Amino acid sequence: AFPIAVNRHQMVVPSTIQHRAMSTKLDDHQRAQILQTWRIIEKDLDTHAVTFYKNMVADRPNITQLFVNRNEYGFLPEDSEAGLKRHSIDVMVMIGHAVAGLNDLESIAAELKELAERHAKYGVELEHFPIMKDALFVTLEQELGPKWTPEVKAAWESAYATCEELMEGPLAKEHERLGNYKSTEYMRPEKPH
């Protein structure tokens, strides 16, 4: 069983987290469908990243606090359109990296684990996975049009579930670790900055 996020600062974590076998298996046809549809998105990643972000915050404006707006020189203002666009593009690039690794999940498992651990520090919780999935799927549907078939959607659902399974345990463990960590080196901010 995996932990359940109660709220931003409290986690209910079983004393032993049991790792479950991957419940999703992608066949070659599904992987090909995902790769083909992703190639369409990649052609204009900047535009699709902005659409993705707008879809994510459309009914959830509070989710913007999870988008840490920073570049290699420091932090961009939270309301910076450039910062939000940059972060949205980074998210889409990571999705593309995960898509590219679907043929060999071991090749991306460590990176997804690290990504989950890092995002625990930004306040990402398990309940944010469905929000991101909804935004991604709405974006794919909008941008792919008639190519977003029930079969393609099912393939994407399997792939998303696989990535989520790889990330949810490390995310929960990192929340537990951070909750027990009593140092001034790390302070969980109300708003990531």
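Heads up: the structure comes first, above all this text.
Throughout what follows, the structure given in this document is the object of discussion. Here the structure is a predicted model, which is why all the values come from computation and not from measurement.

So, on to the pattern of salt bridges. Between side chains of opposite charge, pairing is possible as soon as their charged atoms come close. Inspection of every chain in the model, using the stated rule, returns five salt bridges. Residues Lys 113 and Glu 117 are paired through a salt bridge, measuring 2.6 Å at the closest nitrogen-oxygen approach. Here the residue Lys 113 and the residue Glu 117 both occupy positions in helix α4 (residues 105-120), the gap between them amounting to four residues, near one helical turn. For Lys 113, a relative accessible area of 40% puts it in the partly exposed group. Accessibility expressed as a relative area gives 23% for Glu 117, which makes it partly exposed. Of the charged contacts, one joins Arg 177 and Glu 174 as a salt bridge, the two residues approaching to 2.7 Å between their closest N and O atoms.

Packing of helix α2 (residues 45-57) against helix α5 (residues 128-144) brings their axes to within 8 Å, and their N-to-C directions diverge by 130°. Taken together, α2 and α5 sit at an angle that is classed as oblique. Crossing angle aside, the handedness with which α2 passes α5 is right-handed. In this structure, α2 contributes His 48, Thr 51, Phe 52, Asn 55 and Met 56 to the contact, and α5 contributes Ile 131, Met 132, Ala 135, Leu 136, Val 138, Thr 139, Gln 142 and Glu 143.

Let's shift gears to the packing of aromatic side chains. How two aromatic rings sit relative to each other is set out by the distance from centre to centre and by the angle between their planes. Inspection of every chain in the model, using the stated rule, returns three aromatic pairs. Between the aromatic rings of Phe 137 and Trp 148, the centroid separation amounts to 5.5 Å while the plane-to-plane angle is 75°, which identifies the pairing as edge-to-face. Of this pair, Phe 137 sits in helix α5 while Trp 148 sits in the loop between α5 and α6 (150-180), placing them eleven residues apart in sequence. Assigned by exposure class, Phe 137 and Trp 148 land together as buried. Between Phe 137 and Tyr 160, the aromatic rings sit 6.3 Å apart at their centres with planes inclined by 80°, giving edge-to-face as the arrangement. Linking Phe 137 in helix α5 with Tyr 160 in helix α6, this pair joins segments that are 23 residues apart in sequence. Tyr 160 shares its class with Phe 137; the two are buried. By way of ring pairs, the aromatic residues Phe 137, Trp 148 and Tyr 160 are connected into one cluster.

Cut-off values and rules
Chains are numbered independently. Their residues run from 1 in the order of the written sequence. In view of the model being predicted, local features appear only for residues whose pLDDT reaches at least 70, and side-chain atom pairs are presented and counted only at 80 or more, with totals across whole chains, interfaces and linings using the full set of residues. The basis for every side-chain value is the complete set of heavy atoms in the structure, and neither hydrogens nor water enter the calculation. Within this document, salt bridges are pairs made up of a side-chain nitrogen of Lys or Arg and a carboxyl oxygen of Asp or Glu, the two lying within 4 Å of each other. Secondary structure counts use DSSP, requiring at least four H or I residues in a row for a helix and at least two E residues in a row for a strand, with both numbered from the N terminus. Each residue is assigned to one of three classes by its accessible area relative to the maximum for its type, calculated with a 1.4 Å probe on protein chains only: buried under 20%, partly exposed between the two thresholds, exposed over 50%. Here the axes come from fitting lines to C-alpha atoms, over the contacting stretch only for helices, and the angles between their N-to-C directions go from 0 to 180 degrees. Working definition: roughly parallel below 35 degrees, roughly antiparallel above 145 degrees, roughly perpendicular at 65 to 115 degrees, and oblique for all remaining angles. For a crossing to be left-handed, the near helix must be turned anticlockwise from the far one by less than a right angle; the clockwise case is right-handed. In this description, contact between two residues means that some pair of their heavy atoms is separated by no more than 4.5 Å. Whether two aromatic rings pair depends on their centres lying within 6.5 Å, for rings of Phe, Tyr and Trp, where Trp uses its six-membered ring; planes under 30 degrees apart make the pair stacked, over 60 edge-to-face, and the rest tilted.

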